[in-house]
Amino acid sequence: MTDFDVDRPPATLLRSFENAPAHRLEAAYQHLVAALWRDGQATDAAIGAVPLLLTAMWRAEERRKGDLAVVLGLLVETEYPNTDGPIATVVRSHLDRLLDLWRLAEHENGLWQALLYLLSHFPTERSRILDAAREVGAGADDLSRLDRSLRTFDPGDPAPTIGRVFPHPTAWDMDEAELEFDRDWVRSLTPEQVADQWHNDSHTIFGFTGAKAYWAVRNGRPVPAVPDSLAPRHPQPKDAEVGLWQRHAAAFRCPLCHSGLTFEANQALCASCAARFPIRRGMIDLTETGHQSGEIRDEGLLFQLSKISTMGHFVEAHARPNFKRLCGFAWDGPVNSGVEAKYIADLVRPVDGPVLDVAAGPGGWTIALAEAVGSDRVIALDLMPVMLAALRDRLPSVPAVVASAATLPFGTGTLGAAMCWNGPHAFFDDTEAAIREIGRCVRQGGTFTTYTFRDATDPVYRHFVHSHHFPQHEHGLRMYDIDIFRNWLDQAGFTVREQFEVGLAVFITAEKTH
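Residues numbered from 1 in each chain as written. Predicted model: local features only at pLDDT ≥ 70, side-chain atom pairs only at ≥ 80, totals over all residues. Heavy atoms only, no water.

**Student:** I keep staring at the overall build of the chain and nothing clicks. Help me out?
**Tutor:** When helices and strands are tallied, the chain shows 20 helices and 13 strands. Against the 2.2 N^0.38 benchmark of 24 Å for 514 residues, the chain shows a C-alpha radius of gyration of 25 Å, consistent with a compact globule. With the C-alpha coordinates aligned to their principal axes, the bounding extent of the chain is approximately 75 × 50 × 35 Å. Going through the 514 residues of the chain one by one, you find that 57% of them count as buried. Restricting the contact set of the chain to residue pairs at least 6 apart, pairs at least 24 apart contribute 70%. Carbon and sulfur atoms make up 50% of the accessible area of the chain, which amounts to about 20,400 Å² in all. Positive and negative charge centroids in the chain, built from 49 and 67 side chains respectively, lie 3 Å apart. (Helix = DSSP H or I, 4+ residues; strand = E, 2+ residues; numbered from the N terminus. Rg over C-alpha atoms; globule rule 2.2 N^0.38 Å. Buried < 20%, exposed > 50% of the residue type's maximum accessible area, 1.4 Å probe, protein only. Contact = heavy atoms within 4.5 Å. Areas by Shrake-Rupley, 256 points an atom, 1.4 Å probe, with all protein chains shown as cover. Lys, Arg positive; Asp, Glu negative; His and termini not counted. Charge placed at Lys NZ, Arg CZ, Asp CG, Glu CD.)

Next up, the structure:
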């Protein structure tokens, strides 16, 4: 039995945590947490330990105060959406002291962030907590998250705002037409769907605030997120000359019968099955229903998000830079736009043939790819036309394809290389199929380069990441076991030539060898 054995009484584990030297502090904390909280659930010992944790907070030094505030937040959260459970009731009885401690904490540093996370769980004290937040100088993003987390769900509200909390509610700067689109979408849902999404949004906010706090307690004040690039807010892509498509015609295949395609000004034709696929503003729709309607199917309720015309701008200005910090456990921003552009230039090594940007989104990194290999070689692919509209506005010399990464509309061995930059997790459940397809299409000697994230091994941080609910991760955000990811690459005929990590971010370049 060790000093940190989780089967020992919580009071003993708490003393071990309080007295642990710096080099053993993290282990002591993890054992304390494991005795009280596991996989989002409080253990039987938790309720009796909460008064001890609160008492310890008043006497601990700042780092340990921050750790204790985080575990108290985790324990209160296990009772959500109940806000007057036994754990919340005990912690709320100490609210005055917690607010005073927040006022004294160093602005936006570890303890400050941890108290923000803990205080986010008490909607019955909404006014007092929001007043204190303004007093301690909480920024607009923190205030908007706090404001939303301190609201309770009203089943009588005919059109509550849902699905608009990441990375913070004020990031969703929508015009009246977009707001009306939003309201129509909400009115189309069942009451159960609305309630589920409201609570998923709450967990997303708790997860983001908790993840930021957890990093800050260990590393200091987070650096504000800075956009890597800015897609146009209202993209205006132009029509493309047919030559834009004809130069890559040898690579394309009909998604229905896998025969070759010929290109005309406004459509692609399959001579074998007579399917027609519309081309508009330099974008070809090769989804399964493309030859019938030119419209993409919904893949779930939250894919309504992707239909907002300003989504490309939102992704680059707000979602992507915060997603990188969250999933990379890198709240100080070590992977900036210059670093990413250099990685792309260094890592993508094509042989003859087009270079495919998979899950290209609004094109911020397609620009870097085009600079590295030449825009005349690049094809951009994404499932969301509204994203590709922003890309086409910025890159009129690059053709865009609306298609799934799991069924690529290209012939075997027709691509010189492929890249999926900060993208595989966008089709998480289809990642293995997408890698298999990329392996089929890339020629011998060509590379597949990707930037993604590994799942955290720390159970607390993993919980915070998993608490996020996105369109492709409606049941909680998951990242990869990189050994499994590498096995998928091997099965697809790739050999990893380079792999390195920054925090939880993983960069891989693999060569098609077999």
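**Student:** Where do I start with the packing of aromatic side chains in this structure?
**Tutor:** The geometry of an aromatic ring pair comes down to the distance between the two centres and the angle between the two planes. Under the criterion given, the structure shown has 30 aromatic pairs. Plain terms: the ring middles of Phe448 and Phe494 are 5.9 Å apart, the flat faces sit at 45° to each other, and that makes the pair tilted. Pair noted here: Phe448 is in strand 11 (residues 442-453) and Phe494 is in strand 12 (residues 494-502), with a separation of 46 residues, a long-range link. The residues Phe448 and Phe494 share a single accessibility class, namely buried. Through a chain of ring-to-ring contacts, three or more aromatic side chains come together here, namely Phe166, Phe208, Phe323, Trp331, Tyr343, Trp421, Tyr451, Phe453, Phe470, Phe500 and Phe507. Sitting above the plane of the Trp198 ring, Arg148 keeps its charged end 3.6 Å from the centroid. Across from the ring centre of Tyr214, 3.7 Å away, lies the NZ or CZ of Arg218, which sits over that ring. (Phe/Tyr/Trp six-rings, centres within 6.5 Å; stacked < 30°, edge-to-face > 60°. Lys NZ or Arg CZ within 6 Å of the ring centre and 35° of its normal.)

**Student:** Looking at this structure, I do not really get the pattern of salt bridges. What am I missing?
**Tutor:** Summed over the entire model, instances satisfying the criterion amount to 32 salt bridges. Between Glu176 and Arg183 there is a salt bridge, with its nearest N and O atoms 2.5 Å apart. Of the charged contacts, one joins Lys324 and Asp228 as a salt bridge, the two residues approaching to 3.1 Å between their closest N and O atoms. Taken together, the residues Lys324 in helix 14 (residues 311-328) and Asp228 in the loop between helix 11 (191-219) and helix 12 (243-246) connect sequence positions 96 residues apart. Grouping residues by exposure puts Lys324 and Asp228 together as buried. (Salt bridge = Lys/Arg side-chain N within 4 Å of Asp/Glu carboxyl O.)

**Student:** For this particular structure, what's the right way to read the packing of helix 6 (residues 95-104) against helix 8 (residues 126-135)?
**Tutor:** To characterise two packed helices, one gives the angle between the axes of the helices and the distance between these axes. In the contact formed by helix 6 and helix 8, the axes pass within 10 Å of each other and the chain directions differ by 15°. Between helix 6 and helix 8, the angle falls in the class roughly parallel. The element helix 6 and its partner helix 8 pack so that their crossing is right-handed. Listed contacts from helix 8 to Leu95, Asp96, Leu99, Trp102 and Arg103 of helix 6 are Arg128, Ile129, Ala132, Ala133 and Glu135. Grouping the amino acids of the contact of helix 6 with helix 8 by side-chain chemistry returns 6 nonpolar, no polar and 4 charged. (Axes fitted to C-alpha atoms, helices over the stretch in contact; angles between N-to-C directions. Parallel < 35°, antiparallel > 145°, perpendicular 65-115°, else oblique. Left-handed = near helix turned anticlockwise from the far one by under 90°. Nonpolar A, V, L, I, M, F, W, Y, C, P; charged D, E, K, R; others polar.)

**Student:** Can you help me understand the pairing of strand 10 (residues 415-421) in this one?
**Tutor:** Side chains on a regular strand alternate between the two faces of the sheet. Counting buried residues in strand 10 gives 7 out of 7 residues, a clear majority hidden from the surface. Across 3 bridges, strand 7 (residues 355-358) lies against strand 10 in parallel orientation. Paired with Asp357 across the bridge in strand 10 is Met419. (Pairing = 2+ DSSP bridges.)

**Student:** What's the story with unusual backbone geometry in this structure? I'm lost.
**Tutor:** Glycine aside, the phi torsion of most residues is negative, and most peptide linkages are trans. With omega at 10°, the peptide bond leading from Tyr80 into Pro81 counts as cis. You can see Pro81 is positioned in the loop between helix 4 (62-77) and helix 5 (86-92). If you check the backbone angles, Glu108 has positive phi at about 65° while not being a glycine. Checked against the element boundaries, Glu108 lands in the loop between helix 6 and helix 7 (110-119). In this structure, Ala274 is a non-glycine residue whose phi angle is positive, near 65°. By the secondary structure assignment, Ala274 is in the loop between strand 4 (267-270) and strand 5 (276-280).

**Student:** How should the packing of helix 4 against helix 11 be read in this particular structure?
**Tutor:** Running from N to C, helix 4 and helix 11 point in directions that differ by 160°, and their axes come no closer than 9 Å. In terms of axis orientation, helix 4 runs roughly antiparallel to helix 11. For the pair helix 4 and helix 11, the crossing hand works out as left-handed. In this structure, helix 4 uses Arg63, Gly66, Asp67, Val70 and Glu77 to contact helix 11, whose residues at the interface are His203, Phe206, Tyr214, Val217 and Arg218.

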